[in-house]
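# Observations on the three-dimensional arrangement
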Amino acid sequence: MTEPADPVQPVRVWDLPTRLFHAALALAVFGALGTAWADAMDWHLRCGLLALVLLVFRLAWGLVGGRWSRFASFVYAPATLLRYLRGQAAPGEHLEVGHTPTGALSVFALLGLLAVQVGTGLVADDEIAILGPLNRFVSGDTAHSATSWHRSWGQYLLLALLALHVAAIVWYRLKKRVDLVRPMVIGDKPLPAGTPASAD
């Protein structure tokens with residue numbers, strides 16, 4: 001005879017500022033990519049500056065935001081990651097509430113790469129259409145290297161991480177029957193009673 005599953009109830013996981021950040025960052029990133037491909041460099045710069053503001057906000061919100069938005073809730077030790085991958089999470093760890101250990105790696109990789117992309121864009125000089133607003137503070141060689149990274153490896157790695165992010169969302173939906181999109185839109189996730197909640 002199997003044990004009955006714990007009753008679930010809606011639990012606030014993603015606070016409103018985190019949800020707004022997520023939507024705005026998606027718009028900024030896809031806007032930056034689209035305007036770069038369309039050669040609309042003035043708008044590309046605006047999207048990049050918006051991404052910068054959002055990244056600074058997320059850094060601050062990761063320290064003082066809602067429970068599951070704080071970095072402290074999803075910085076995992078390597079041993080925790082290994083246990084999670086083996087399906088051996090300890091009771092009360094709540095590894096599936098906010099960012100899972102593997103999800104956390106994805107988040108930090110994406111935020112880190114975006115920070116590098118924004119930073120290289122700020123000092124870039126393509127010698128044709130755009131000069132980064134902080135270009136005057138770096139040498140020509142540094143500007144050249146930053147521009148090269150920004151337009152090649154940085155862009156391709158960003159696209160790869162975005163594709164991986166979307167693939168993980170689809171995999172969770174189809175394979176694990178877990179909807180990651182709805183909670184990020186409405187803030188609540190069906191979880192066992194007693195799961196600690198965030199607050200708006």
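The notes below deal with the structure included here. Every chain begins its residue count from 1, and numbering advances along the sequence as written. Reporting of local features is limited, given that this is a predicted model, to residues whose pLDDT is at least 70; pairs of side-chain atoms are given and counted only at 80 or more, and all residues count toward the totals for whole chains, interfaces and linings. The basis for every side-chain value is the complete set of heavy atoms in the structure, and neither hydrogens nor water enter the calculation.

## Describing the packing of aromatic side chains
- Two aromatic rings from Phe, Tyr or Trp, using only the six-membered ring of Trp, form a pair when their centres are within 6.5 Å; if the ring planes differ by under 30 degrees the pair is stacked, by over 60 it is edge-to-face, and anything between is tilted. What the rule picks out here adds up to six aromatic pairs.
- Ring centres of Phe 57 and Trp 61 lie 5.6 Å apart, and the angle between their planes is 20°; this geometry places the pair in the stacked category. Placement of the pair is Phe 57 and Trp 61 together in helix H2 (residues 41–64), with a separation of four residues, close to one helical turn.
- When accessible area is computed with a 1.4 Å probe and restricted to protein chains, residues below 20% of their type maximum are described as buried, those above 50% as exposed, and intermediate ones as partly exposed. Judged by relative accessible area, which is 30%, Phe 57 ranks as partly exposed.
- With a centroid separation of 5.4 Å and an interplanar angle of 80°, the aromatic rings of Trp 171 and Tyr 172 are classed as edge-to-face.
- Residue classification places Trp 171 among the partly exposed positions, given a relative accessible area of 45%.
- One aromatic cluster in this structure is built from Phe 21, Phe 57 and Trp 61.
- For the cation-ring pair, Arg 46 lies above Trp 43, with the distance from its terminal atom to the ring centre recorded as 4.5 Å. In this text, helices come from DSSP runs of H or I with a minimum length of four residues, and strands from runs of E with a minimum of two, each type numbered from the N-terminal end. Consider the ring centre and the ring normal. A charge sits over the ring if Lys NZ or Arg CZ is within 6 Å of that centre and within 35 degrees of that normal.

## Some words on a nonpolar patch on the surface
- Like-charged residues within 9 Å of one another, or nonpolar side chains (Val, Leu, Ile, Met, Phe, Trp, Tyr) within 5 Å, are grouped into patches, provided each residue has over 30% relative accessible area and no salt bridge. Note on areas: these come from Shrake-Rupley sampling with a 1.4 Å probe, and a residue is covered only by the protein chains present in the view. Salt bridges are counted wherever a side-chain nitrogen of Lys or Arg sits within 4 Å of a carboxyl oxygen of Asp or Glu. On the surface, a cluster of nonpolar side chains totalling about 350 Å² of accessible area is made up of Trp 37, Tyr 156 and Leu 159.
- Within the secondary structure layout, Leu 159 lies in helix H6 (residues 153–175).

## Focus on the packing of H2 against helix H4 (residues 101–123)
- Interaxial angles span 0 to 180 degrees and are taken between N-to-C directions of axes, which are lines fitted to C-alpha atoms, for helices over the stretch in contact. Running from amino to carboxyl end, H2 crosses H4 at an angle of 135°, the nearest separation of the two axes being 10 Å. Classified by the angle their axes make, H2 and H4 are oblique. Judged by the twist between their axes, the crossing of H2 over H4 is left-handed. Contact residues: Gly 48, Leu 49, Ala 51, Leu 52, Leu 55 and Arg 58 in H2; Leu 111, Leu 114, Ala 115, Val 118 and Leu 122 in H4. Convention used here: angles under 35 degrees read as roughly parallel, angles over 145 as roughly antiparallel, angles from 65 to 115 as roughly perpendicular, and any remaining angle as oblique. Crossing chirality is assigned from the near helix's rotation relative to the far helix, an anticlockwise turn below a right angle marking it left-handed and a clockwise turn marking it right-handed. Any pair of residues with heavy atoms lying within 4.5 Å of one another is described as a contacting pair.

## Regarding the pattern of salt bridges
- If you walk through the whole model with that rule in mind, you get three salt bridges.
- The shortest N-O distance in the salt bridge between Asp 188 and Arg 12 comes to 2.6 Å. Here the residue Asp 188 occupies a position in strand S2 (residues 188–192), and Arg 12 occupies one in strand S1 (residues 8–12), the gap between them amounting to 176 residues.
- With a relative accessible area of 24%, Asp 188 lands in the partly exposed category.
- A salt bridge links Glu 96 to Lys 176; the shortest N-O distance between them is 3.7 Å. Remark: Lys 176 occurs in the loop between H6 and helix H7 (181–186) and Glu 96 occurs in the loop between helix H3 (78–85) and H4; sequence separation between them is 80 residues.

## Observations regarding helix H5 (residues 140–151)
- Between the first and last C-alpha of H5 there are 16 Å, a value that for twelve residues agrees with the 16 Å anticipated at 1.5 Å per step.
- Along H5, the positions that sit buried rather than exposed are Ala 143, Ala 146, Thr 147 and His 150. In an axial view of H5, the angular spread of the buried residues amounts to 100°, which keeps them on one side of the axis. Opposite the buried face of H5, at more than 90 degrees from it, the exposed residues are Asp 141 and His 144.
- Buried positions along H5 lie against H2, H4 and H6. Expected helix span is computed as 1.5 Å times (number of residues minus one). Arc, as used here, means the arc of the directions from the helix axis to the C-beta atoms.

## Remarks on the environment of Arg 136
- With respect to the helices and strands, Arg 136 occurs in the loop between H4 and H5.
- With 13 residues separating them along the chain, Arg 136 and Val 123 place their C-alpha atoms 7.6 Å apart.
- Polar contacts, as counted here, are pairs of nitrogen or oxygen atoms within 3.5 Å of one another; within protein the pair requires one atom able to donate a hydrogen and one able to accept it, and residues that are adjacent in sequence qualify only if both atoms are side-chain atoms. Among the polar contacts made by the side chain of Arg 136, one reaches the main-chain carbonyl oxygen of Pro 133 at a distance of 3.1 Å.

## Describing the nonpolar core
- In this structure, Leu 25, Val 29, Leu 111, Leu 114, Leu 158 and Leu 162 are the most contacted members of the largest nonpolar core, which totals 21 residues.
- A per-element tally of this core places H4 first, with eight residues.
- The nonpolar core is taken to be a set of buried Ala, Val, Leu, Ile, Met, Phe, Trp, Tyr and Cys residues, with the residues joined through side-chain atoms within 4.5 Å. If you look at the next biggest cluster of nonpolar residues, it comprises seven residues, including Val 11, Trp 14, Trp 68 and Val 97.

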